[in-house]
Amino acid sequence: MSKIGRAIGFVILFGTLGHAVSAAPPLPNVVIIYVDDMGYGDLGVQNPDSLIPTPHLDQLAREGMRFTDGHSSSSQCSPSRYAILTGRYHWRTRLQTGIVGLWGGPVIQPERMTIGSLAQENGYATACIGKWHLGWNWPIPMTQKQYFKTTGYNGKKDLEASENHRIAWKDVFSKPITGGPTSVGFDQYFGTDVPNWPPYCFIENDRTLGIPSEFADPKLFIKNQASQQGPSIPGWRLEPILPTLAERACGYIEQQAETKTPFLLYLPLTSPHTPLSVNKQWIGRSKLNLYADFVMETDAAVGKVLSSIKECGLEKETLVIFTSDNGCAPYIGVTDLESKGHYPSGELRGYKADAWEGGHRVPFIVRWNGVAKAGSTCSQLVHQADLLATLADLMGTPLPDNAGEDSVSLI
């Protein structure tokens, strides 16, 4: 759609609502909240039999449109993240099976258009806050690779970092780590690459915050917690990750509210994926299990971000998209949940990593005041890769032939 076409479309749309429109409205801010491993049936608004309270997400759905047949590109993490960012099926990449491995290289090449670079080209400020898991150019030389090996998924040992470990870690983590979010369309980044893999620290833009100097504490490696015991900054804990990401997101929204520049915030939260690092005030709140507690804490984190949008007076001019990278993971105690009457996939068969719909049919909510009708549902098949074409459409920018090949506008 051309810019003229977008203007005409808005005139028609808002004209039917009884508003006088003389010109195309300003481009909306865009906030994409991408949770990790949340099941289709975990939201109360989506599953009347859900036993997990999700008041903020339910309210978001009541204020916007809920797609009942929305899908991620895969029933696993990295492939879905590639698709939502690039508008392309993940099989178009080298990632033909599984996910990006530990210390893996970038799946998105610098020349590849993403929702971030599209937004940048249209005058947006852009930020990514949260989990990346699409690979980086980790500056680990062959001569030092032995010092970056982990204990694998059985890591619960009391390990002592040698002087050679510390020298190698300092050498590598003192350097820029290229190929991440700031290389593919985001002005700034803050988050953790994968919360249950090293390095156990936050990363800001292309640098670790602090230099890992010890092996992660064995206490982090209880069931459904961190997975591979590698380099960590001293005293690293898992519980602060989710609240820190929410606080950063709110801070970014408040900062951008002071400007007249539209912004795009991609917020891939680390929860309710393992590690099930539930903060004390949420433990036991669901009366089901830790995963259910974590879903509640995630809902509250999303609520804080939505409140920040409202408090900054940006509700009417912000497009909010909420979805999940895949279905609920079966290893978080789904048998126990089902025995208590809660089914994370709702009526769908299967879970994360399954080809069944429970693996990839996910919550998919869009709130855009005046455009997406409040309280509405859409049963049309949609896909997370559709976001690139959708954003291009609302920005009035045609996609080049070599971008978003699998993306269809939802406008």
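Relevant structure appears above.
Residues numbered from 1 in each chain as written. Predicted model: local features only at pLDDT ≥ 70, side-chain atom pairs only at ≥ 80, totals over all residues. Heavy atoms only, no water.

A.B. asks: I'd love a proper account of the side chain of Thr318, names of residues and values included.
C.D. replies: Mapped onto the secondary structure, Thr318 falls in strand S11 (residues 318-324). Residue class for Thr318 comes out buried when judged on its relative accessible area of 1%. Within polar-contact distance, the side chain of Thr318 engages the side chain of Asn29 at 3.3 Å. Polar side-chain contacts of Thr318 include one of 2.6 Å to the backbone oxygen of Leu314. Not counting residues up to four positions away in its chain, the partners in contact with Thr318 are Asn29, Val31, Ile309 and Arg367. (Helix = DSSP H or I, 4+ residues; strand = E, 2+ residues; numbered from the N terminus. Buried < 20%, exposed > 50% of the residue type's maximum accessible area, 1.4 Å probe, protein only. Polar contact = N/O pair within 3.5 Å; in protein donor to acceptor, adjacent residues only side chain to side chain. Contact = heavy atoms within 4.5 Å.)

A.B. asks: Could you give an account of helix H2 (residues 55-62), with specific residues and numbers?
C.D. replies: Listed as buried for H2 are Leu57, Asp58, Leu60 and Ala61. Across the axial projection of H2, the buried residues extend over an arc of 155 degrees, all falling on one side. Buried residues in H2 make contact with strand S2 (65-67), helix H7 (290-311), S11 and strand S12 (364-367). (Arc of directions from axis to C-beta.)

A.B. asks: Mind laying out the pattern of salt bridges, listing which residues take part and the relevant values?
C.D. replies: One pass over the full model with this rule turns up 15 salt bridges. Glu315 is the partner of Arg367 in a salt bridge, and the nearest nitrogen-oxygen pair spans 3.7 Å. Of the two residues, Arg367 sits in strand S12 while Glu315 sits in the loop between H7 and S11, which places them 52 residues apart along the sequence. The class for Arg367 is buried, based on a relative accessible area of 2%. Assessed through its relative accessible area of 22%, Glu315 is described here as partly exposed. Across the pair Arg361 and Glu357 runs a salt bridge whose closest N-O atoms are separated by 3.4 Å. (Salt bridge = Lys/Arg side-chain N within 4 Å of Asp/Glu carboxyl O.)

A.B. asks: Outline the packing of helix H6 (residues 241-257) against H7, listing residues and values.
C.D. replies: Between H6 and H7, the least distance of the axes is 9 Å, while the angle of their chain directions is 10 degrees. Between H6 and H7, the crossing angle belongs to the class labelled roughly parallel. Note on element contacts: H7 touches H6 through Phe294, Glu297, Thr298, Ala301, Lys304, Val305, Ser308 and Ile309, opposite Leu242, Pro243, Ala246, Ala249, Cys250, Ile253 and Glu254. Here the contact of H6 with H7 is composed, by residue class, of 10 nonpolar, 2 polar and 3 charged. (Axes fitted to C-alpha atoms, helices over the stretch in contact; angles between N-to-C directions. Parallel < 35°, antiparallel > 145°, perpendicular 65-115°, else oblique. Nonpolar A, V, L, I, M, F, W, Y, C, P; charged D, E, K, R; others polar.)

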